[in-house]
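Structural overview for review
Take a look at the letters that make up each chain.
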Amino acid sequence: MNPPDGGVADELPGIAPRLRDLRLHRGLTLEAAARRADLSPAHLSRLETGRRQPSLPMLLGLARIYGTTVSELLGEMPPERDAIVRGGPFAGAPGGALGGTAGSAPGAGPGGASGGASGGAEADGWIYQQAGGSGRAMQALRVRVPYGAQSDLVRVHPGEEWLYVLDGRLRVSLGETVHDLGPGDSAHFDSLTPHRIAALDRGGAELLFVHTLLQSPSAELCLGSGTHLR
């Protein structure tokens, strides 16, 4: 027997009560959660009672609002993750390419980067090395920006970014504002702000870079077709 509104009763078993429990755990009323998800309260109520099945865009939006993942909404058990990433020689030598993100310097994604002491990845003259666990909402990279690379490339995309300069001087453009950063300086900004970064010294610059991407795949969004593992 089909449920009302054309849903399929057993297509996503167990998701309806999880949606309601997560909303209540976040302290949100049905109306407040529906407004944030750009849904009507009636539609969200049908999702929570199993009379409608959510689409993937709805799941992505609700997962973001409730501070969880689509996998957890679906009841999938995440694999055990190692909390430690061991360090190793950084793949980027001074003046070499940086990695990270096809111009996304802020905004780049770890696409296929190897973690820890493994080689790293290169994209459009940048070299980066994963400095955190993969498959998480927040990604950490160690990056070397070569002099003159991508200085005219502007990025705009969903997410949030933080960078910390380890070595060299970095120019960070956020909208119409330009900031010159040195070792110990940092920047934290919304990735929807048009942004670009460039090394000011011929020896390049090295930085720690942390970002969140609210859309997937991150590699396609940030790394571009020129990315390859080192």
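These numbers were taken from a predicted model, which means no experiment stands behind them.

**Quick notes on the overall build of the protein chain**
Helices and strands together make up the secondary structure of the protein chain, namely six helices and ten strands. Of the contacts formed within the protein chain by residues at least 6 apart in sequence, a portion of 71% connects residues at least 24 apart. Per element, the accessible surface of the protein chain, about 11,900 Å² overall, is 52% carbon and sulfur.

**Brief notes about the packing of helix H1 (residues 15-25) against helix H3 (residues 41-49)**
Following both chains from N to C, one finds H1 and H3 inclined at 120°, their axes separated by 6 Å at the closest point. Between H1 and H3, the angle falls in the class oblique. From H1, Ala-16, Pro-17, Leu-19, Arg-20 and Arg-23 reach across to H3, where they touch Leu-44, Leu-47, Glu-48 and Thr-49. Along the lines of polarity and charge, the residues of the contact of H1 with H3 split into five nonpolar, one polar and three charged.

**A short note on the packing of H3 against helix H4 (residues 56-66)**
Where H3 meets H4, the axes come as close as 13 Å, and the angle between the chain directions of the two elements is 90°. On the basis of the axis angle, H3 is roughly perpendicular to H4. In contact with His-43, Leu-44, Leu-47 and Glu-48 of H3, H4 contributes Met-58, Leu-62 and Tyr-66. Split into classes, the residues belonging to the contact of H3 with H4 amount to five nonpolar, one polar and one charged.

**Looking at the confidence of the model for the protein chain**
Averaged over all residues, the pLDDT of the protein chain equals 74, while 68% of them reach at least 70. Per-element averaging of pLDDT across the protein chain places helix H6 (residues 218-223) at the bottom with 38 and strand S6 (residues 177-181) at the top with 96. Across residues 1-10 the pLDDT falls below 50, and counting only partners more than four positions away or on other chains, this stretch makes 13 contacts in the model.

**As for unusual backbone geometry**
Look at Asp-38: it is not a glycine, yet its phi comes out positive at around 60°. Tracing the chain through its elements places Asp-38 in the loop between helix H2 (30-36) and H3.

**Re a nonpolar patch on the surface**
The grouping of Val-154, Val-156 and Leu-192 at the surface amounts to a nonpolar patch, some 260 Å² of accessible area in total. Examined against the element boundaries, Val-156 turns out to sit in the loop between strand S3 (138-145) and strand S4 (160-167). The exposure class assigned to Val-156 is partly exposed, which follows from its relative accessible area of 48%.

**With respect to H1**
Among the residues making up H1, those that are buried are Ile-15, Ala-16, Leu-19 and Arg-23. Projected down its long axis, H1 carries its buried residues within an arc of 110°, all on one side. Where H1 is buried, its residues contact H2, H3, H4 and helix H5 (70-73). Phi turns positive, to about 75°, at Gly-27, one or two residues after H1.

**A look at the nonpolar core**
Counting residues in each nonpolar core, the largest one holds 19 residues, and the members touching the most others are Val-143, Val-145, Leu-163, Leu-170, Val-172, Ile-197 and Leu-207. Looking at this core, the elements that each hand over two or more residues are strand S2 (126-130), S3, S4, strand S5 (170-174), strand S7 (186-190), strand S8 (195-199) and strand S9 (205-212).

**Focus: the pattern of salt bridges**
Summed over the entire model, instances satisfying the criterion amount to six salt bridges. Between Glu-206 and Arg-142 there is a salt bridge, with its nearest N and O atoms 2.7 Å apart. Separated by 64 residues along the polypeptide, Glu-206 in strand S9 and Arg-142 in strand S3 bring together distant segments of the chain. Assessed through its relative accessible area of 27%, Arg-142 is described here as partly exposed. Through salt bridges that share partners, Arg-142, Arg-144, Asp-167 and Glu-206 make up one connected network.

**Overview of the sheet that holds S6**
The three strands lie next to each other as S6-S5-S8, forming an open sheet whose pairing is antiparallel. Single-partner strands in this sheet number two, and they are S6 and S8. If you compare each strand with its neighbour and ignore which way they point, the axes differ by 15° on average. Of the pairings in the sheet, the one linking S5 to S6 comprises five bridges and is antiparallel in character. For Leu-170, the partnering residue across the bridge sits in S6 and is Leu-181.

Rules used throughout
- Residues numbered from 1 in each chain as written.
- Predicted model: local features only at pLDDT ≥ 70, side-chain atom pairs only at ≥ 80, totals over all residues.
- Heavy atoms only, no water.
- Helix = DSSP H or I, 4+ residues; strand = E, 2+ residues; numbered from the N terminus.
- Contact = heavy atoms within 4.5 Å.
- Areas by Shrake-Rupley, 256 points an atom, 1.4 Å probe, with all protein chains shown as cover.
- Axes fitted to C-alpha atoms, helices over the stretch in contact; angles between N-to-C directions.
- Parallel < 35°, antiparallel > 145°, perpendicular 65-115°, else oblique.
- Nonpolar A, V, L, I, M, F, W, Y, C, P; charged D, E, K, R; others polar.
- pLDDT = per-residue confidence, 0-100.
- Patch = residues over 30% accessible without salt bridge, like charges linked within 9 Å, V, L, I, M, F, W, Y side chains within 5 Å.
- Salt bridge = Lys/Arg side-chain N within 4 Å of Asp/Glu carboxyl O.
- Buried < 20%, exposed > 50% of the residue type's maximum accessible area, 1.4 Å probe, protein only.
- Arc of directions from axis to C-beta.
- Core = buried A, V, L, I, M, F, W, Y, C linked by side-chain atoms within 4.5 Å.
- Pairing = 2+ DSSP bridges.

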